[in-house]
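Topology and contacts: notes
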Amino acid sequence: MNGADIGVVGAGIVGLATAYALIERKASVRVYESGIPGNGQSGGEGRIFRHAHDDPRLVAFARDSRAIWDKWSQRLGSGLISDDGAVAIGPAVERRLPILERVGGVPVRRIGPDELAERIPVLAHYDGPAMLDEAGGAIRTRAAIEALTGWIGDSLVADEVISIRPSKRGTVEVVCGGSRTEHSGVVVCAGRGTARLARSVGLALPVRLGAHVRLTFEVRNHVKRLACLQDSSGVFGETGVYAAATPGNHRYGVGLSEATPAKEDGSFTEPEALAALAERASAYVRQALSGLDPRPVDYRHCWVTTLPWSDDAFAVWQREGIVFVAGHNLFKQAPALGRALARLALGEEPGVDLRPEARLGS
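What counts as what
Residues numbered from 1 in each chain as written. Predicted model: local features only at pLDDT ≥ 70, side-chain atom pairs only at ≥ 80, totals over all residues. Heavy atoms only, no water. UniProt positions renumbered as here; feature names shortened; annotations may be inferred. Phe/Tyr/Trp six-rings, centres within 6.5 Å; stacked < 30°, edge-to-face > 60°. Helix = DSSP H or I, 4+ residues; strand = E, 2+ residues; numbered from the N terminus. Buried < 20%, exposed > 50% of the residue type's maximum accessible area, 1.4 Å probe, protein only. Expected span 1.5 Å × (residues − 1). Arc of directions from axis to C-beta. Contact = heavy atoms within 4.5 Å. Pairing = 2+ DSSP bridges.

Looking at an unreviewed UniProt entry, one finds the protein chain named Amino acid oxidase and attributed to Mycobacterium fragae. The record in UniProt for the protein chain states the following under Cofactor (unreviewed entry): "FAD".

Following this line, the structure appears as structure tokens:
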């Protein structure tokens, strides 16, 4: 049997960030991925980087992640987060702005209708509460995944993990379709597959499975600046909408914050519900984003895994040398989360309480 210090299950953004952090710590790493890296819950052309959360601990965590994103960008020689900023509108501004100001270190401020129109020129007129997270922006997801995949090199193994179990020798055995390998520790970042692997060692993760759809629309007239958007206002018919530009600001990806509930086996009680989410997103675009062509040019469907106490929540469980991580909206947090998971895998303190009892995100 071949041996590596740490095994990482899953090559989405969190798994790749964890592997890279382990390599930075001079650990030997093997990353298991049955599909294309970054093509599951991490898939698509863009994500929003934002500091705004209801939990000040997540604000601080995002601030730490932003610094690492900058370091990655410097190594790559190209920005992985756009400099267009992230805008929030609606009542969530009144709740989150004081939290951001209290945590500190985040350049955030209120903006009026004129600056809002400059930041998001495709948005219809709006004169309610609005704030700008100047260090927010659209994450260049494909560039990030490709960079991390290149940096970890031949540590990536194209195979499916069938099972994991602690051995009597104090190691963790990973059984794949074509191999059986023992590691000193394993980190499981397998998206919807994490709960299944956790059950094999007696852990019941309170993960709720759902499916999500994000639509992409052409920008009618090219704009130099196009900030990300979070809309909790209800002014345009929805109270939970997000949007992020693709590289070059030629397209804008728009989605609702909702997900269609799914059963544990991935089936739906209401198969038409996912299509209904797409129709609502299109209706929102027609009403709120008049600067977009209302005909979607792309659809991105993906699974989402949420924890009961918050859509932004994530947590870590440990059992006999195995670390399991589960949660939602993790792309922006991946750099700092990867470093924390690497520390846990190496038997060190993570620097932040990631246990489910901490209710991070609540």
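Aromatic rings considered in pairs are described by the distance between their centres and by the relative angle of their planes. Taken as a whole and assessed by the stated rule, the structure comprises 7 aromatic pairs. Considering the side-chain rings of F236 and Y284, the 6.2 Å spacing of their centres and the 90° angle between planes classify their relative orientation as edge-to-face. With F236 in the loop between β13 (228-231) and β14 (241-245) and Y284 in helix α7 (residues 273-288), this pair connects stretches of sequence that are 48 residues apart. Of the two residues examined, F236 and Y284, each falls in the buried class.

The positions UniProt marks with the feature "domain: FAD dependent oxidoreductase" (unreviewed entry) are residues 5-344. The span residues 5-344 shows a helical share of 29% and a strand share of 30%, and its end C-alpha atoms are spaced 13 Å apart.

Time to look at α7. Between its first and last C-alpha, α7 extends 22 Å over 16 residues, near the 22 Å set by a 1.5 Å rise per residue. Those residues of α7 that fall on the buried side of the exposure criterion are L274, L277, A278, A281, S282, Y284, V285 and A288. Angular distribution of buried residues about the axis of α7 spans 155°; they occupy a single face of the element. Away from its buried face by more than 90 degrees, α7 exposes E279 and R286. In this structure, the buried residues of α7 make contact with β12 (208-218), β13, β14, β15 (251-256), β16 (260-261) and β17 (298-306).

The subject of this paragraph is the pairing of β14. Among the 5 residues in β14, 5 count as buried, and that is most of the element. In β14, alternate side chains face the same way, and those of V241, A243 and A245 on one face and Y242 and A244 on the other are all buried. Where β14 meets β15, 5 bridges bridge the pair, whose relative direction is antiparallel. Within β15, the residue paired with A243 across the bridge is V254. Counting the residues that bridge the hairpin from β14 to β15 gives 5 residues, and of these G248 lies at a positive phi of roughly 95°.

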